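Residue-level structural notes
Letter by letter, the chains look like this.
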Amino acid sequence: MKEQTKIALILSLGLALRLIYLLESLLYNPTFFAPIIDAYTYNKLALAQVGGAGMGPESVWQPLFYPYFLSACYYIFGAGFLSARIVQIVLGLLTCVLTYLLGAKLFNARVGLIAALMVAICGTLIFYEGELLPTTWEVFWFFASIAAFMKIMPEERVNEPRKKGSHLGFLILGAVCAVGMMIRPTVLLFYLAAWVWLLAQWRREFSWKAILGRVIGAAVGAIFVFGPILIRNHSLTQNWILFPVSGGLNFYIGNNPEADKTVAIRPGDQWYQLTVSPRKEGILYAPEGPRYFYRKSYEFLRSQPRAFLKGLAIKTERLFSAREIPRNIDIYLFRRYSQVLRILVWRIGGFSFPMGIILPAALFGVLVNLRRFRRLAFIYIYVAAYSLSIVLFFVSTRYRMPLLPVLCLFAASAFWRVCEGYTGRDHLRLFGSLAALAILFFFCNRALVIPEDAVNFESELYMALGTVHLERGEWGEGEYYLRESIDSDPRNADSLALLGLLEFEKGEFDQAGKELMKALVLRPRHVGALKNLGRLYWRTHKLDQAKECLIRAEALDPGSGEIHYYLASLYEETGNTQDAAREYWKALEIKPDSIDIRRRLAVILGRAGRWETARELVAEAVRHEPDNVDLRCDLGIIYGGMGRPREAISEFQKALKTRPDFPIALLNLGIMYVAIGDNANALAQYQKLKMIDGVQAQKLKEELNKNK
């Protein structure tokens, strides 16, 4: 059978498995039409882009490539959940083809076929191809990057001059590297190491001038990618941001004195409090957050170097464990929705399939091929550099996925070595290989205890689904999944707090109070439960209890504009204008674009006679929204309070140009005319008001009568 026929059969098998899994997911997987956690965020950003609103400043939190990929799929095929997954299936099959080609080039055609078969039937790859996550792009693009580096530096041939490569080739390579870093910045270490290797090889044959020309060409290619991203991020945040601002937090998660706790924190209140912890030190802006977390990790490294090194060793052990380590979702949990996953991803005791086979064979392949390092340099560099990038942060199945195609190449070479020992009757090679494989097999498949073992991922899955449905306004589905979450884990404080919020929004205050109190019994420092219990007490006129809850929530999250706003409104309602103003100022510092906060603060300042400060607040908002009639009227009222009636009249007239029948503007314009003694114009406003709003017209009539 020809090699082309064999690879075609492998691709057909891979396609069949992927299509069956896609159909199973569509029919049975509840997250297919309700993407959760990171997938939900990517989908939300893509929909905003397609809808014309654009991705807001929050988009700098994660890598930008994937939401733009999703939005492109939605533009072309419509906003559905199928198109992106089909594209990812195609990428998965292209990875199979690339695995075969690299295997045939670096080893031989049979090794390439074995490796391609492993990639085609790898259940973890199939799973992530069905998720709205960038994992499939990482796998494909990083693997293709290896091929791109090999293309730039072809292997030596006898009696043939070395190719210098075109300037376009180096420009493309630079762009490829830049796009790779936009998909996932952790590939940076590989790109740096690969370029160092390239420069070292070129230095033997080319002048520094020629090398500099290549590097400049690659830099230009990278600038074509990085430049628009820098400009785009600056326009949104007023800061020069290239890489996701979540990088510092992710580094801290795996490198701190309590890393076993932080790595097991799930989406919910604890995760929220971790992400906003810089606020407690007065750090409110996104670019400063990563520096805060990196600084905390560096302090840990400096003060406890042994603990840091021990952490690296533990993470290395987890990296080379066959067990699939969950991050936000547990792949083993999704086996219930798919026969394909049941067959291709499973675990019995310490043994895990497929990594329980791939990893030990790959490690053996890495060892036995060391003598061919120069020929295999780029895949060795990739495995070493990318493994280090994972260990420097933290280990999970999702982040380990990009290593899989290269691991399959090394594993296939190990299997072929065993086959050669058997067919060639080389008993020393055969039994030596089998013994080494057995040792590595037990090393990779030993029972491993991880912090995530303490997490009830079933409850977390249902909670995530409930959250998505609630945010969509699908309260029935949201309540169903939240109750399923609580049934799976009655101690899930986040689900209880969400259920309490749902009952609050439904107006079921007694039940809401019960659920929120249950959450606080389990986790007394739950910010969301405290905030919403404070709102509940406020709504039911228990103002002292409301104040106590909101103050406790504020102490835990001093950078929450929402909590400051609620507390300010509560103070304002109880007549405590001084404290209300203080809280509104804090809220405005965090949310300077909030029109509502500016207006309410200006009202309080005006009542206190601080008219100039009130004017500055509203005038700033008017500069941004000159057609906002409410703001124009506010500014007019402030000018009136300052004793500047003619400027007030100008503002009310501008408001009426935008909305001629606006009662508040007509009333206050009439009052200002009365103030300057222009009763004729005041009477004209009264006549207009009589046709629009009798109540406001009566107020103006009373003002006119006072000045007769």
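In what follows, the accompanying structure is described. (Residues numbered from 1 in each chain as written. Predicted model: local features only at pLDDT ≥ 70, side-chain atom pairs only at ≥ 80, totals over all residues. Heavy atoms only, no water.)

In total, this model carries 28 salt bridges according to the counting rule given. For R184, the salt bridge is made with E138, and the minimal N-O distance between the two is 3.1 Å. Linking R184 in the loop between α8 (167-183) and α9 (188-202) with E138 in helix α7 (residues 135-152), this pair joins segments that are 46 residues apart in sequence. One exposure class covers both R184 and E138, and it is buried. A salt bridge links E505 to R535; its shortest N-O distance comes to 3.7 Å. (Salt bridge = Lys/Arg side-chain N within 4 Å of Asp/Glu carboxyl O. Helix = DSSP H or I, 4+ residues; strand = E, 2+ residues; numbered from the N terminus. Buried < 20%, exposed > 50% of the residue type's maximum accessible area, 1.4 Å probe, protein only.)

The next point concerns the packing of helix α2 (residues 38-50) against helix α3 (residues 65-77). The contact between α2 and α3 brings their axes to 8 Å, and the two run at 55°. Our classification of the angle between α2 and α3 gives oblique. The hand of the α2/α3 crossing is right-handed. Listed contacts from α3 to Y42, N43, L45, A46, L47, Q49 and V50 of α2 are Y66, P67, Y68, L70, S71, Y74 and Y75. Taken together, the residues that form the contact of α2 with α3 break down as eleven nonpolar, three polar and no charged. (Axes fitted to C-alpha atoms, helices over the stretch in contact; angles between N-to-C directions. Parallel < 35°, antiparallel > 145°, perpendicular 65-115°, else oblique. Left-handed = near helix turned anticlockwise from the far one by under 90°. Contact = heavy atoms within 4.5 Å. Nonpolar A, V, L, I, M, F, W, Y, C, P; charged D, E, K, R; others polar.)

Relative to the elements of secondary structure, E131 occurs in the loop between α6 (123-129) and α7. The side chain of E131 is buried and forms no salt bridge, while R85, the nearest opposite charge, is found at 5.3 Å. (Lys, Arg positive; Asp, Glu negative; His and termini not counted.)

It is worth spelling out unusual backbone geometry at this point. It is generally the case that most residues other than glycine have a negative phi and that most peptide bonds are trans. Following F353, the chain continues into P354 via a peptide bond in cis, with omega recorded as 15°. At I37, a position not held by glycine, the phi torsion is positive, near 55°. Within the element layout of this structure, I37 appears in the loop between α1 (3-28) and α2. Notably, H541 is not glycine yet its phi reads approximately 65°, a positive angle. Looking at where H541 falls in the secondary structure, it is placed in the loop between α26 (527-539) and α27 (543-556). With a relative accessible area of 66%, H541 lands in the exposed category.

Another aspect to go through is helix α24 (residues 493-506). For α24, which comprises 14 residues, the first-to-last C-alpha distance of 20 Å matches the rise-based estimate of 20 Å (1.5 Å per residue) to within 8%. Among the 14 residues in α24, ten count as buried, and that is most of the element. Along α24, the residues that are buried comprise A493, D494, S495, L496, A497, L499, G500, L502, E503 and F504. Among the residues of α24, the N-terminal cap falls to N492, whose side-chain oxygen and the backbone nitrogen of D494 are separated by 3.2 Å. Trailing α24 by a residue or two, G507 shows a phi angle of about 85°, which is positive. (Expected span 1.5 Å × (residues − 1). Polar contact = N/O pair within 3.5 Å; in protein donor to acceptor, adjacent residues only side chain to side chain.)

Core analysis: the largest hydrophobic core is formed by 144 residues, its most contacted members being F149 and F190. Other than its neighbours up to four places away in sequence, F149 contacts L173, C177, F190, Y191, A194, W195, L198 and F378. In this structure, L520, Y584, L617 and A665 belong to the second largest nonpolar core, which totals 75 residues. (Core = buried A, V, L, I, M, F, W, Y, C linked by side-chain atoms within 4.5 Å.)

Scanning the model with the defined rule gives 42 aromatic pairs in all. Their ring planes at 80° and their centres at 5.7 Å tell us that F149 and F190 sit as a pair that is edge-to-face. Taken as a pair, F149 in helix α7 and F190 in helix α9 lie far apart in primary sequence, 41 residues in all. For the pair F149 and F190, a shared accessibility class is recorded, and that class is buried. Here a set of aromatic residues connected by ring pairs shows up, and it is made of F142, F149, F170, F190, Y191, W195, W202, F378, Y382 and Y386. Note that R85 overlies the ring of F32, its terminal NZ or CZ placed 3.9 Å from the centroid. Over the ring of Y332 we find R347; its NZ or CZ atom is 5.3 Å from the centre of that ring. (Phe/Tyr/Trp six-rings, centres within 6.5 Å; stacked < 30°, edge-to-face > 60°. Lys NZ or Arg CZ within 6 Å of the ring centre and 35° of its normal.)

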